[in-house]
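Given next are the chains, with one letter for each unit.
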Amino acid sequence: MYVADSRGVAGARDALRPGPRAAAIAPTVFALGTVSLITDVSSEMITAVLPLYLVAGLGLSPLGFGLLDGVYNGFSAVVRLAGGHLADRGGRHKPVAAVGYGLSALCKPLLLLVHTLPLIGAVLAVDRTGKGLRTAPRDAMISLASAPETHGRAFGVHRAMDTAGALLGPLVAFVILRQAADGYDAVFTVSTCVAVIGVLVLLLFVPGRTARGDAAPAASRVSLRAALALLRRRDLRRLSICALLLGLATVSDSFVYLVLQRRFDVPVQWFALLPLGTAAAFLTLTVPLGRLADRLGRWRVFLGGHVLLLAAYGLLLTPWHFGAMPYAVLALHGTFYAATDGVLMAAAATAVPSELRSSGLALVQTGQATARFACSLAFGAAWTAWGDRTALTATALGLAICVAATAWLRPAEAARA
Amino acid sequence: MSTPPSAGKARMTYRNRLLVLAAAVAVLAVVATVSVLHAAHRAGRRDQAQAGGPPIAAGHVSLAASSRRLMVFRNMAWGPHRDELATVPATTPGGPRTASGVKCLRFYAAAGTGICLQAVHGAVQDTYQAVVLDSRLHELRRYPLGGIPTRARVSPGGRMVAWTVFVSGDSYAGTAFSTRTSVLDTRTWQLQSSLETYAITKDGHAYRAADVNFWGVTFADDTRFYATLATGGKTYLVRGDATAGTLRTLRENVECPSLSPDGTRLAFKKRVKGVSPDAPWRLYVLDLRTMRETPLAEHRSVDDQVVWSGPDTIVYALAGDYGSDLWTAPADGTGAASRLMTAALAPAYVG
């Protein structure tokens, strides 16, 4: 177990970290990966059956259901920042993460009880609140449990396990519905059981004080003011600005699939499978690209990922047409995520002292998520005004400019190899 | 392991933690198994006919014109014919049912053409298909669907067919839904897979947006139709032209229109203010000449595209003990709603 990896206490870290173990993935990372895998099985079971449940099981018209998403996105950003901050106070990463996972687990049996759209929407909102709460503390624990030079790989392993769970969940749900026609209650019950196991694995196998072993941080160092002062750190500020800039030119997945479908006339029955293409590429490449990021520098890989996204936009805009093109777009899209999702956290972890790790990661994640949401709103508006091709061309141009700007800004992390 | 994670606190050994987990997994596995078995048992019971349910027997079902007017619908009553298309004479809706052996989730028919939206059980997922049927319920063509079936209609002359499916998004927790409405010409077998390719005129101006959704087509003839357009958080009644590929908005807050047999009125569901958000719709009839709306005598929320059973009455589905019952109400706002038949969905009048 690694004790600390703050740059400020580099000497202490080197003294305490057992050298030969640097090659291994920390048990905490595996434990957290397992928790995410199990939790994703549980939540993706629900996601997979929810449309059918609403339409066929309850006879509802779920249209307009997503209308509150905009409002909710704002709330979710606040929750994430709060989760990050609370976790840093007294080094309570595990308790805050446990509350987050627990909250989501509690929502699963609630689905057995509520049968109307507004209430189901409320339960899903609480579920997502739990997700928002746990993300930053969990990522902080991953970074605190592994040596800084293996952060990329550690996040890669975690994200791969997470995605494996997301792919398994729908299959489990399908098997249940095949055994029991209309057995949505059985799906919810099994999902609850799975979620509880996830929380138990967290409680039993993730150490309570990943960070500093025994020494609790001075309360004065972990305050809201200190969290905000993080932005005064040059490294983190540059990193946040770059993540924000690039996020502003990252179109949401649903738009990518929509444009892809229109561009290549993807048969309707395949449309629902497009996200699987992205997930498959992500699952295969997230560990290798995490390792690559450890070796080449996270920033390079992160930037490279966005160049791949630019290539995906380019393919969607080219007049050529060949059979493998939709696959190529999905492969690029998945590789983009593999090169950026965990890698950004690895880069951010290096730029934040360990006692403010969770707040710092939450800050970067929130900045990126907010920028992406803004991009989606702008993209939707541009689509309305000028059509999908023009909207995508504008985004691609924006992304090219942001990539260039980021390459020029070059956060300090890029310097390390 | 180098140092134990928290040396300061007395903690369970690794072995004990594993034991706790194993015990919990065992208990939860029992709970999960029981819930699946219970649901499977319940599903099995639905294949047994219920005492007191409507009598039903397999027989010949035809959509062709005949001396007797028939009602064709999806039979929801438990037993071996559950989910099959069945008929009853239009005059005795509560009487014995004749089951066809054809299973559909949604159905409609007119002038000898039937459209059946059905589920196809695959190895790793279920898919949906639209099946065009002739008057003897023989399959003519089959088209894959990109989502869960919700609405189906045939033009009065039997040539044009339209259907709507729900497509769920990929966002976390699956809260983003959209619809896809397709129009098929059964003479040329030309399929317009999405109304989203039509040129839209909204409030007199050309309009396009990424969030455009359509549902609930009702045909006036083999070219003209009405439907619902949703965009920017509002719904609109649109009039469409399937030959020209155009759509024009007429009015706000009209969903699932259904044109009367004489083509002068539209029955529809309207989202009304000041009612519970889980039950937001009420049935109205719009007079297309005067553009006046009349609320109907059904006071509950109805989420269905109604069917006209005659020049002055409508039929619609509401939740019932076996999934869904059919109810009827006068189309002029007078009288009261009454139950027409139990355990039935997606009716069409033929013959």
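Residues numbered from 1 in each chain as written. Chains lettered and ligands numbered in written order. Predicted model: local features only at pLDDT ≥ 70, side-chain atom pairs only at ≥ 80, totals over all residues. Heavy atoms only, no water.

1. Some points on the sheet that holds strand 16 (residues 224-231) of chain B
Residues and elements named next belong to chain B.
- The strand order across the open sheet built from six strands is 14-13-18-17-16-15, with neighbouring strands paired in mixed fashion. Unpaired on one side and paired on the other, strand 14 (205-207) and strand 15 (213-219) mark the two borders of the sheet. The sheet shows a mean angle of 35° between the axes of neighbouring strands, taken without regard to direction.
- The sheet contact formed by strand 15 and strand 16 spans five bridges and is antiparallel. Paired with Phe-214 across the strands is Leu-229, a residue of strand 16. (Pairing = 2+ DSSP bridges. Helix = DSSP H or I, 4+ residues; strand = E, 2+ residues; numbered from the N terminus. Axes fitted to C-alpha atoms, helices over the stretch in contact; angles between N-to-C directions.)

2. Some points on the packing of helix 5 (residues 117-145) of chain A against helix 6 (residues 151-179) of chain A
Residues and elements named next belong to chain A.
- At their nearest, the axes of helix 5 and helix 6 sit 9 Å apart, and the two run at 135° to each other. As summarised for this structure, helix 5 and helix 6 are arranged oblique, according to the angle between their axes. Once helix 5 is placed against helix 6, the crossing between them reads as right-handed. Mapping the contact onto sequence places Arg-138, Asp-139, Ile-142 and Ser-143 in helix 5 and His-151, Ala-154, Phe-155, His-158 and Arg-159 in helix 6.
- By residue class, the composition of the contact of helix 5 with helix 6 is three nonpolar, three polar and three charged. (Parallel < 35°, antiparallel > 145°, perpendicular 65-115°, else oblique. Left-handed = near helix turned anticlockwise from the far one by under 90°. Contact = heavy atoms within 4.5 Å. Nonpolar A, V, L, I, M, F, W, Y, C, P; charged D, E, K, R; others polar.)

3. Comments concerning the interface of chain A and chain B
- With 68 residues of chain A at the interface, the matching set in chain B holds 63 residues.
- Summed over both sides, the interface of chain A with chain B buries roughly 5200 Å², with 66% coming from carbon and sulfur.
- The tally of links from chain A across to chain B stands at three salt bridges.
- Between B:Arg42 and A:Asp185 there is a salt bridge, with its nearest N and O atoms 2.7 Å apart.
- Mapped by element, the contributors of at least two residues to the side of chain A that touches chain B are helix 2 (27-57), helix 5, helix 6, helix 7 (184-205), helix 10 (253-264), helix 11 (268-271) and helix 15 (357-386) of chain A.
- Taken together, the residues of the side of chain A that touches chain B sort by class into 41 nonpolar, 14 polar and 13 charged. (Buried area = accessible area lost by both parts, 1.4 Å probe. Salt bridge = Lys/Arg side-chain N within 4 Å of Asp/Glu carboxyl O.)

4. Observations concerning the packing of aromatic side chains
Residues and elements named next belong to chain A.
- Evaluation of the coordinates by the stated rule reveals 13 aromatic pairs over all chains.
- Aromatic pair Phe-255 and Phe-379: ring centres 4.8 Å apart, planes at 55°, arrangement tilted. Taken together, the residues span a long stretch of sequence, with Phe-255 in helix 10 and Phe-379 in helix 15 at a distance of 124 residues.
- The exposure class of Phe-255 is buried, given its relative accessible area of 15%.
- The buried category is assigned to Phe-379, whose relative accessible area is 2%.
- Among the aromatic residues, those joined into a cluster by ring pairs are Tyr-53, Tyr-184 and Phe-188. (Phe/Tyr/Trp six-rings, centres within 6.5 Å; stacked < 30°, edge-to-face > 60°. Buried < 20%, exposed > 50% of the residue type's maximum accessible area, 1.4 Å probe, protein only.)

Read these as spatial facts, not as claims about activity.
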